[in-house]
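Structure at a glance
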Amino acid sequence: MAKAFSLASWNVEHFKDDATRIKRVIKFLEAQDPDVFGLLEVEGKEVFTTLVKEMPNYQFHITEGPQVQEVLVGVKTGITAFFTQKTEFKAQIQTLRPGALLTVTVDGHHYPILFLHTKSSSLPLGLGIRDDQFSRAFKFKKVLDKAAGGTGNANFIFLGDLNVMGMKYPFKKNIDAPFEVKKLDKDANKAGMRRLTKNRPHTWWNGPGSKYKPADLDQVVASEQLKFKQIGGADIDVRGWPGLSPESIQAKWIMDYSDHGLLYLEVEKV
């Protein structure tokens, strides 16, 4: 099938006003050539200014508020899209990131794309906040389905650093990351959505010497009717350190860019 658009999501850890790093990130982004992308953990104003200057074939949008980290969205010039900041995904916690909603229109079909950076914590409170944020995403799907009218099934995608890391509780059995992912899958199925497959088992790692093992924190959840180009036998191509070897090269990439890999996917026309 023909491609509707390509899409990327990348948590560029603590993306601040480091000119050298910004240039590296831009070069890497340009090599991926996504039609639409979201960058998470943008912390410095120079990031937005430099991207606007160095990537003139994109239009940029960024969230704003009292939070330290923002979500920056880029969309290629010529693609019809509308941007909205969704503060309800802060889950009534002012320091959390809002959702960044970009609705792309291709051949008369609307594709609402919600970039999320959910609560990072293995404490019970963190798990509860993430569950609330996921619940809001699935409720939003129902709103979009109603707005879709005759079809009754919106072409909805939400993605980003969903931080599905489970929960540690000192007095009961822990809820591990696979269990949290299993619940996400179950809730997605109820909402007429599915979590997309990846060609790499992990998307995050802090590098050799870290007390934390590689983890699968970044996810994409999409309406079940949407189709995606298969890359390496999966819906999502995880790019960056997860595709490199040996560990020394992975460690250098993490140091130069981010501890998160980039998620790349191609949405096929409906």
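Here goes a summary of the coordinates provided. (Residues numbered from 1 in each chain as written. Predicted model: local features only at pLDDT ≥ 70, side-chain atom pairs only at ≥ 80, totals over all residues. Heavy atoms only, no water.)

Things to note about the layout of surface pockets
Selection criterion: Each cavity reported here is a set of points on a 1 Å grid over the protein atoms alone in which a 1.4 Å probe fits but cannot get out, each pocket an open set with protein on both sides within 12 Å along at least five of seven lines, and each lining residue one with an atom within 4 Å of a point. Grid points are joined across faces, edges and corners, and a volume is the space filled by probe spheres set on the points. In this description a helix means any DSSP run of H or I spanning at least four residues, a strand means any run of E spanning at least two, and both kinds are numbered starting from the N terminus. Here the term charged refers only to Asp, Glu, Lys and Arg, the term nonpolar to Ala, Val, Leu, Ile, Met, Phe, Trp, Tyr, Cys and Pro, and the term polar to all other amino acids, Gly among them.
Looking at the largest pocket, its volume works out to about 940 Å³. Together, 42 residues line the largest pocket, and Met165, Trp204, Tyr212, Ala215 and Leu217 are the ones closest to its centre. Every element with two or more residues in the lining of the largest pocket is listed here: strand E1 (3-15), helix H3 (124-147) and helix H4 (177-190). Split by residue class, the lining of the largest pocket holds 16 nonpolar, 14 polar and 12 charged.

Here's the deal with unusual backbone geometry
We apply this condition: Three labels apply to residues, based on accessible area from a 1.4 Å probe with only protein chains included: buried if under 20% of the type maximum, exposed if over 50%, partly exposed otherwise in between.
In this model, Ser245 is joined to Pro246 through a cis peptide bond whose omega is 0°. Within the secondary structure layout, Pro246 lies in the loop between strand E11 (237-239) and helix H5 (247-256). With phi around 55°, Ala91 is a residue other than glycine that occupies positive phi space. Taking the relative accessible area as the measure of exposure, Ala91 reaches 14% and is therefore buried.

Brief notes about the sheet that holds strand E4 (residues 70-76)
Two pairing modes exist for strands in a sheet, parallel and antiparallel, and in both the strands are linked by backbone hydrogen bonds. This is how the line gets drawn: Two strands pair under a simple rule: DSSP has to find at least two bridges between them. Lines fitted to C-alpha atoms define the axes here, with helix axes fitted over just the stretch in contact, and angles between the N-to-C directions of these axes take values from 0 to 180 degrees. Residues count as neighbours in contact if any of their non-hydrogen atoms are within 4.5 Å of one another.
Taken in spatial order, the six strands of this open sheet run E3-E4-E2-E1-E12-E11, and their pairing is mixed. Looking at which strands have only one partner, the edges of the open sheet turn out to be strand E3 (58-62) and E11. Pairwise comparison of adjacent strand axes, ignoring direction, gives a mean angle of 20° for this sheet. Packing against the sheet, helix H1 (residues 19-32) makes contact with E1, strand E2 (36-42), E11 and strand E12 (262-268), and its axis sits at approximately 160° to E1. Sheet strands in contact with helix H2 (residues 45-54) are E1, E2, E3 and E4, and its direction is about 165° off that of E3.

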